[in-house]
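The primary structure of each chain is shown beneath.
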Amino acid sequence: MVIQSEVRWVGREEASLIVEVEPDDTIYQATLKGIGGPDFLRALCSLRGQLKGRWKDVPLPQGVRPSDLLLRELLLKARNEWNYPYADAELCHCRCVPTAVVDQAICQGAHTPQKVSAMTSASTACGTCRPDVEAILRFRLERR
Ligand code: FES
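Residues numbered from 1 in each chain as written. Predicted model: local features only at pLDDT ≥ 70, side-chain atom pairs only at ≥ 80, totals over all residues. Heavy atoms only, no water.

Colleague: When you look at helix 3 (residues 99-107) in this model, what are you seeing that I'm missing?
Modeller: Each full turn of the α-helix corresponds to 3.6 residues, which orients residues three or four apart in the same direction. Within helix 3, the full set of buried residues consists of Thr99, Val102, Asp103, Ala105, Ile106 and Cys107. Against the buried residues of helix 3 lie helix 2 (66-78), strand 4 (90-92), strand 5 (97-98), helix 4 (113-120) and helix 5 (130-141). Trailing helix 3 by a residue or two, Gly109 shows a phi angle of about 125°, which is positive. (Buried < 20%, exposed > 50% of the residue type's maximum accessible area, 1.4 Å probe, protein only. Helix = DSSP H or I, 4+ residues; strand = E, 2+ residues; numbered from the N terminus. Contact = heavy atoms within 4.5 Å.)

Colleague: What is the right way to look at the environment of Val133 in this model?
Modeller: Mapping Val133 onto the fold places it in helix 5. A C-alpha to C-alpha distance of 8.0 Å links Val133 and Ser123, two positions ten residues apart in sequence. Excluding its chain neighbours within four sequence positions, the residues that come into contact with Val133 are Leu91, Val102, Ile106, Pro113, Val116 and Ser123.

Colleague: Looking at this structure, how should I read helix 4?
Modeller: Turning to helix 4, its buried residues are Pro113, Val116, Ser117 and Thr120. Seen along its axis, helix 4 keeps its buried residues to an arc of 100°; they face one direction. In helix 4, those exposed residues whose orientation departs by more than 90 degrees from the buried face are Gln114 and Ala118. Just downstream of helix 4 lies Ser121, where phi reads positive at about 75°. (Arc of directions from axis to C-beta.)

Colleague: Hey, could you run me through the domain arrangement of the chain in this one?
Modeller: Interface size is commonly expressed as the accessible surface area that is lost when the partners come together. One can read the domain layout of the chain as domain 1 (2-78) and domain 2 (90-141). On the domain 2 side, the residues contacting the seven residues of domain 1 number seven residues. Seen at the junction of domain 1 and domain 2, the total is one salt bridge. Classifying every residue of the side of domain 1 that touches domain 2 by side-chain character gives four nonpolar, no polar and three charged. (Domains from an automatic or database assignment. Salt bridge = Lys/Arg side-chain N within 4 Å of Asp/Glu carboxyl O. Nonpolar A, V, L, I, M, F, W, Y, C, P; charged D, E, K, R; others polar.)

Colleague: I would appreciate a short explanation of the nonpolar core in the present structure.
Modeller: Generally speaking, soluble globular proteins have nonpolar side chains that are buried together. With 40 residues, the main nonpolar core has Leu17, Trp55, Leu71, Leu91 and Val102 as its most contacted residues. Of all elements in the fold, only strand 1 (2-8), strand 2 (14-21), strand 3 (27-35), helix 1 (38-49), helix 2, strand 4, helix 3 and helix 5 reach the threshold of two or more residues within this core. Here the element with the most residues in this core is helix 2; it accounts for seven residues. Two domains each put at least three residues into this core: domain 1 (2-78) and domain 2 (90-141). In contact with Val102, not counting residues within four places along its chain, are Leu91, Val97, Val116, Thr120, Ala122 and Val133. (Core = buried A, V, L, I, M, F, W, Y, C linked by side-chain atoms within 4.5 Å.)

Colleague: Please explain the environment of Ala135 as it appears in this structure.
Modeller: Counting through the fold element by element, Ala135 comes out in helix 5. Under the relative-accessibility criterion, Ala135 is labelled buried at 19%. Separated by 51 residues in the primary sequence, Ala135 and Tyr84 place their C-alpha atoms 9.1 Å from one another.

Colleague: Whenever I open this one, the packing of aromatic side chains confuses me. Can you help?
Modeller: Within a pair of aromatic rings, the relevant descriptors are the distance that separates the centres and the angle that separates the planes. Going through the model one piece at a time under the given rule, you end up with three aromatic pairs. Judged by centre distance (5.6 Å) and plane angle (80°), the rings of Tyr84 and Phe139 are edge-to-face. Taken together, the residues span a long stretch of sequence, with Tyr84 in the loop between helix 2 and strand 4 and Phe139 in helix 5 at a distance of 55 residues. We classify Tyr84 as partly exposed; its relative accessible area is 23%. Taking the relative accessible area as the measure of exposure, Phe139 reaches 9% and is therefore buried. Pairwise contacts between aromatic rings join Trp82, Tyr84 and Phe139 into one cluster. Here Arg79 stacks its cationic end above the ring of Trp55, 5.5 Å away from the centre of that ring. (Phe/Tyr/Trp six-rings, centres within 6.5 Å; stacked < 30°, edge-to-face > 60°. Lys NZ or Arg CZ within 6 Å of the ring centre and 35° of its normal.)

Rendered as structure tokens:
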């Protein structure tokens, strides 16, 4: 079985993964490529070294640095376990804030609703979108 996954922050980091897995779940071959800053490339090299043995035993990055969050997304997408909690392109309708802007703010270090609001202006009017911001925060930052 061949598994493929990609993640991308436009103009910043991106990574692609191709894994060939034997019927017994052993990784036969893995190709992990990416571009980005030094921290991201270090994290990429670290993950590359873990792509061996059983596919389901490859550990998810557990940190909350941008590189950890992006590579965790990459692996979860590869495992078909990326169940992002919000589907619409725009998250905050009062301030016209796209979901991608909120998500990227969280990945860049806005780890509380207040910080997300400060960085994006989401949830700074009626507050209806606040539960969705909180759901994305939990989804991005929880450990699995
Ligand atoms: S929908 Fe976000 S503040 Fe109203």
